[in-house]
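Overview (structure and organization)
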Amino acid sequence: MLTQKMMPGSEFTTVYPVLYPPYADRAAWAALSGAARWKAAGDAALQDADTLPRLPLSLWLRFTQNGDRTVWEHAYFARRRTLCALVMAEAVTGAGSYLPAIADLAWAICEESAWQLPAHNSYIRDTPQLPLPDVTRPIVDLFAAETGALIATVYGLLGAALDGYAPGFSVRLKGEVERRVLAPYRTAHFWWMGNGEEPMCNWTPWCTQNVLLAAAQCAPAETLPVYVKQAAYSIDCFLKDYGEDGCCSEGAQYYRHAALTMFNALDLLCRIAPGVFDGVWAEPKIRNMAEYIVNMHIAGPYYLNFADCSPLAGARGVREFLFGQRVASAPLMTLAARDWADALQQPDPDRLHHPDDSEGINLYYHIQTALAEQKVLAFAQSAAPALPRDMWYPSVGILVCRRGAYALGAKAGNNADSHNHNDVGSVTLYKNGAPLLIDVGVETYSKKTFSPQRYEIWTMQSSWHNLPEFEPESAQHQQQPGLEFAARDVAVSDALDAITMDIAPAYGAVPGLGFYRRRVQLSANGLTLQEETDFSRTVALTMMSVEKPAVEGGTVQFGTLAAAHIKGFARIATEAVSITDSRLRQAWPDTLYRTRVYFRSTLTVEVR
């Protein structure tokens, strides 16, 4: 798509884009509606800067020794969030009082042995991480690229002011960005840069966006075409893995790291190479990618979730509004504007103290938000609520539909998605905006999460999704990961209120299993599941819930929210599932529930 817009052999003009007002333009910065908020954040950050988090070798080795990512990452991200708050406070006040702390923190980041995370310390995709970083051969991972963009923006915005405090300091900032990010990008090939038909994921637009931010502020002018050409190719490699329907196989929570970072990458390409890529915003695929998040939204904080996603996929904000504006999507602009207006009523709209440590670390995002905030708020005042559509996403096999009080997500597809769970055929169900049948999501990332042992983790397994298990007492037959483990004979109704599929192939070779046909139907009265199989022995259908189930005969009452009326069962059992993981606890209470319905041949479940 993008490389086609650069005619073979043709030359194009590149320029340094204007990303924000210069620091010296005090009127522009002081007039921002969020100036007081950022001054307060900067004052709080001054206190944090006095206790700068240390990053000793022992923290790095925690990942090498026992797979623990969190301790290193907590300190690593705290440095970057604190720096963002200090820089924004200095930008809006022009006081100079934040410059010493900014210099100290930027200096400390420049002194770090590595900008990549221990969990990403490898040169070849999907290979074991090296125990220590090689300081002579920097790796550009997600957060080395993020750090490069951060330091480049500190340089671009405050370089001259920092030189006034510490003469020559801007040279150090620019040099570290060149050495750790820009030079490796020009001279090495990292897997996320794209390689023909090799599958890409959110890393590609996310890293590309940040490399472009670094180049736009630190690269020599004559090298800008190099970055443009490589970035265009990388984004094309990312786009090839999306269907025309724009569905994100990584799920709603990864939208902000996938399609939304692609938006910034495209925007930067349009700014650096004027006139070359402008037509991309009219591409239906790009608009569909933008609006995917609107269609996955349930109500309030809840989104339909599959794969490694939480049902709390995050509030939308100014970047989504700008993306919607670019592709002329009133629904996305509306959802984003109303979410941002609501966020400003909360204690931490800028996510400087978010439970996800990696939030709030991108200085350019904060600047984008500050510059467009007034426009977004004005739009929010007149915007009617966004109305999501029923959707069938054939590229991933996801049906989204709403009837009356109910909202349904049903997944066909295969078990080769990025951030895959073995969940072909699973359903999630909401009633009145509250979770009824749930997808648990994923625990805190560890070394095991992205390893050959991934599917030993319970949340990845089909028996912990709303799916059947064959011969459940022996736990021998669950779904398998891979492209060939997929639904077949998938059919969706014209009204987008029903889907039928055979999910037996997702389980691989199960003796005695030829088919398992599932029909999922949603109406204003609720959900109907019809299960039919030729497997002659016991099957157990799982239903995961937040509400505590109470069984009476063939009825399972889920609190006061709804009840499942079941026909064809042999017995029904329930169990409490203790939730202690910190990431899961952000979305769920300390106890979830699994209901297992044992049956043979046929089963009907009506949730009302």
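Anything mentioned here points back to the structure above.
Right, let's walk through the structure included here. (Residues numbered from 1 in each chain as written. Predicted model: local features only at pLDDT ≥ 70, side-chain atom pairs only at ≥ 80, totals over all residues. Heavy atoms only, no water.)

1. Observations concerning the nonpolar core
Applicable threshold: Working definition of a nonpolar core: buried Ala, Val, Leu, Ile, Met, Phe, Trp, Tyr and Cys residues. They are joined through side-chain atoms within 4.5 Å. The cut-offs for exposure are 20% and 50% of the maximum accessible area for each residue type, with area from a 1.4 Å probe on protein chains only; residues under the lower value are buried, those over the upper are exposed, and the others partly exposed. Should any heavy atoms of two residues lie within 4.5 Å, those residues are counted as being in contact.
In this structure, Leu83, Ile102, Leu182, Trp192, Phe277, Ile286 and Phe323 are the most contacted members of the largest nonpolar core, which totals 150 residues. Setting aside its immediate chain neighbours within four residues, leucine 182 contacts Val177, Val211, Ala214, Ala215, Cys218, Ala219 and Tyr227.

2. So, helix H5 (residues 99-111)
Defined as follows: Secondary structure elements are defined from DSSP: runs of H or I of at least 4 residues count as helices, runs of E of at least 2 residues count as strands, and each element is numbered from the N terminus. Here, expected helix span is obtained from the residue count minus one, scaled by 1.5 Å.
Taking 1.5 Å of rise per residue, 13 residues should cover 18 Å, and H5 covers 18 Å from first to last C-alpha, within 8% of that figure. Residues Leu99, Ala101, Ile102, Ala103, Leu105, Ala106, Ala108, Ile109 and Cys110 constitute the buried set of H5. Here the buried face of H5 lies against helix H2 (35-49), helix H4 (70-93), helix H6 (142-165) and helix H7 (169-187).

3. Structural notes on the side chain of arginine 596
For clarity, the threshold we go by: Polar contact is the term for a pair of N or O atoms within 3.5 Å; when the atoms are in protein, one must be able to donate a hydrogen and the other to accept it, and sequence-neighboring residues count only if both atoms are side-chain atoms.
Position of arginine 596 among the secondary structure elements: in strand E19 (residues 591-607). For arginine 596, a relative accessible area of 8% puts it in the buried group. There is a polar contact of 2.4 Å between the side chain of arginine 596 and the side chain of glutamate 469.

4. Focus on the sheet that holds strand E5 (residues 406-411)
Selection criterion: In short, DSSP must find at least two bridges between two strands for them to pair. Whenever a helix is involved, its axis is fitted only over the stretch in contact; in every case the axis is a line through C-alpha atoms, and angles between N-to-C directions fall within 0 to 180 degrees.
Ordered by their spatial adjacency, five strands build an open sheet running E3-E4-E5-E7-E8, and the pairing between neighbours is antiparallel. Because the sheet does not close on itself, it has two edges, and the strands there are strand E3 (391-393) and strand E8 (434-437). Strand-to-strand twist in this sheet, taken as the mean axis angle between neighbours without regard to direction, amounts to 20 degrees. Summarising the sheet, strand E7 (residues 427-431) and E8 pair through three bridges and their orientation is antiparallel. Counterpart to tyrosine 430 in the pairing with E8 is proline 435. Strand contacts of helix H11 (residues 284-296): E3 and strand E4 (398-403), with the helix running at about 45 degrees to E4, the strand carrying the most contacts.

5. Observations concerning the packing of H7 against helix H9 (residues 224-239)
This is how the line gets drawn: Angles below 35 degrees are treated as roughly parallel, those above 145 as roughly antiparallel, those between 65 and 115 as roughly perpendicular, and all remaining angles as oblique. Two helices crossing with the near one rotated counterclockwise from the far one by less than a right angle form a left-handed crossing, whereas a clockwise rotation gives a right-handed crossing.
Contact pair H7 / H9: the axes reach a minimum separation of 11 Å and the direction vectors enclose 70 degrees. Here H7 lies roughly perpendicular to H9, going by the angle between them. Where H7 crosses over H9, the handedness of that crossing is left-handed. In this structure, H7 uses Leu182, Tyr185 and Arg186 to contact H9, whose residues at the interface are Val226, Tyr227, Gln230 and Ala231.

6. Notes on the state of the cysteines
Note the threshold: Cysteine sulfur atoms that come within 2.5 Å of each other are treated as a disulfide pair.
Enumeration over the complete set of coordinates arrives at zero disulfides. A disulfide-free cysteine, cysteine 207 has its sulfur positioned 8.6 Å from the sulfur of cysteine 201, the nearest such atom. Residue classification places cysteine 207 among the buried residues on the basis of a relative accessible area of 0%. Here cysteine 237 is not cross-linked by a disulfide; its sulfur's nearest cysteine counterpart is in cysteine 201, at 12 Å.

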